[in-house]
Amino acid sequence: MIDIHCHILPEVDDGARSWEIALEMCELAKADGVRHIVASPHAHERFAYDRTSLQRRLEELRQRSGNGIEFSLGCDFQFSYENLMALRERPQDFVIGETPYLLVELSNFSLPPQVDETLLTLADLAITPVITHPERNPILQQNLGRVVRWAQMGCAVQITASALTGSFGERSRRAAETLLQHQAVHVLASDGHDSQHRKPLLSTGRDAAAAICGEAVALALVEGNPHAIVQGQALPYFPEPVA
């Protein structure tokens, strides 16, 4: 399995607080069957995002963790005016590896009225947005049709694996199930932050997804599609969303 959203780099945001925790997360992921992790530290006003220094830290993590897991670098990109201006100037600083895929995090407190238009204009930068954890967003929980529409527009949608098992509450679980049933989910990821409470695990979420939409789709969400993302390829599983 491949985890495209994980805050595994230590001491850079609200993810792994130390090298010890980061290495524990690597071991947990490896034992769960994860073979590739995209380190995706936050890129927003609370945390400085410097691609060069983060790349060095990722290389150190690669060396310390030993064999068994491959790594890529991306970011959890906050959809803010400042970030969008930086993205226009330096898109290569924010995407996953050297691919066209960008993890996009929308605010829990407000959505800009032009969000649909802005998502569409990312195509002009040859970027494919991957909307992260909409099932946990209180605004989107009340209007999942917006998420379905974004999938119809060509955005990929990533839900949190553990949301399907209830770790983020019943409302998030129901929202995740609804999006799966509407064929508006393309990737499961851990959004792991530590080795105790928000672990970098995918298998239980994969199994929960299989119970909803079948084993073939569940495997596409943790293997086929995330593999395509880290390789910069078109997603093999991208069904027509059901409105």
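All of the points below concern the structure found in this document. Since we're looking at a predicted model, the values are computed, not measured.

## Brief notes about the pairing of strand E7 (residues 128-132)
Summarising burial for E7: four of the five residues are buried, a large majority. When strand E6 (residues 101-105) meets E7, the two strands line up parallel, connected through four bridges. If you follow Leu102 over to E7, its bridge partner there is Pro129. Regarding topology, helix H4 (residues 115-121) serves as the crossover connection from E6 to the parallel E7, and that connection is right-handed. As defined by bridge partners, E7 adjoins strand E8 (residues 156-160) across three bridges and the pair is classed as parallel. Residue pairing for E8: Val130 is matched across the bridge by Ala156.

## Thoughts on the packing of helix H7 (residues 170-181) against helix H8 (residues 203-213)
Where H7 contacts H8, the two axes come as close as 10 Å, and the packing angle between them is 50 degrees. Looking at the two axes, H7 sits oblique to H8. In the packing of H7 onto H8, the handedness of the crossing is right-handed. Residue-level contacts link Glu177, Leu180 and Gln181 of H7 to Ala209, Ile212 and Cys213 of H8.

## Let's talk about the pattern of salt bridges
Side chains that differ in sign of charge can pair as their charged atoms come close. Going through the model one piece at a time under the given rule, you end up with 14 salt bridges. As a salt-bridge pair, Arg62 and Glu59 come within 2.5 Å of each other at their nearest N and O atoms. Within this pair, Arg62 and its partner Glu59 are both found in helix H2 (residues 51-65), separated by three residues, close to a single helical turn. Overall, Arg62 belongs to the partly exposed group, its relative accessible area being 27%. For Arg146, the salt bridge identified is with Asp116, shortest N-O distance 3.3 Å. On the criterion of sequence distance, the pair formed by Arg146 in helix H6 (residues 144-153) and Asp116 in helix H4 is long-range, its members being 30 residues apart. With a relative accessible area of 17%, Asp116 lands in the buried category.

## With respect to the side chain of His5
Looking at the secondary structure, you find His5 in strand E1 (residues 2-6). Assessed through its relative accessible area of 0%, His5 is described here as buried. Contact partners of His5, with chain neighbours within four places excluded, come to Val38, Ser40, Asp76, Leu103, Thr132, His133, Gln158, Ala189, Ser190, Asp191 and Gly192.

## A short note on H7
Helix length check: H7, at 12 residues, gives a terminal C-alpha distance of 16 Å against a target of 16 Å (1.5 Å per residue), a fit within 8%. Looking only at H7, the buried set comprises Ser172, Ala175, Ala176, Leu179 and Leu180. Buried residues of H7, seen end-on, are gathered within an arc of 135 degrees and therefore sit on one face of the element. Where H7 is buried, its residues contact helix H5 (138-141), H6, E8, H8 and helix H9 (215-231). Gln183 lies just past H7 and shows a positive phi near 55 degrees.

## Remarks on the packing of helix H1 (residues 19-32) against H2
In contact at an axis separation of 11 Å, H1 and H2 are set at 60 degrees when each is read in the N-to-C sense. On the basis of their axis angle, the class for H1 and H2 is oblique. The interaxial crossing formed by H1 with H2 has right-handed handedness. Counted together, Trp19, Ala22, Leu23, Cys26 and Lys30 of H1 and Arg57, Glu60, Leu61, Arg64 and Ser65 of H2 form the full contact between these two elements.

Reading the values: the criteria
- Residues numbered from 1 in each chain as written.
- Predicted model: local features only at pLDDT ≥ 70, side-chain atom pairs only at ≥ 80, totals over all residues.
- Heavy atoms only, no water.
- Buried < 20%, exposed > 50% of the residue type's maximum accessible area, 1.4 Å probe, protein only.
- Helix = DSSP H or I, 4+ residues; strand = E, 2+ residues; numbered from the N terminus.
- Pairing = 2+ DSSP bridges.
- Right-handed = clockwise from strand over helix to strand, strands pointing away.
- Axes fitted to C-alpha atoms, helices over the stretch in contact; angles between N-to-C directions.
- Parallel < 35°, antiparallel > 145°, perpendicular 65-115°, else oblique.
- Left-handed = near helix turned anticlockwise from the far one by under 90°.
- Contact = heavy atoms within 4.5 Å.
- Salt bridge = Lys/Arg side-chain N within 4 Å of Asp/Glu carboxyl O.
- Expected span 1.5 Å × (residues − 1).
- Arc of directions from axis to C-beta.

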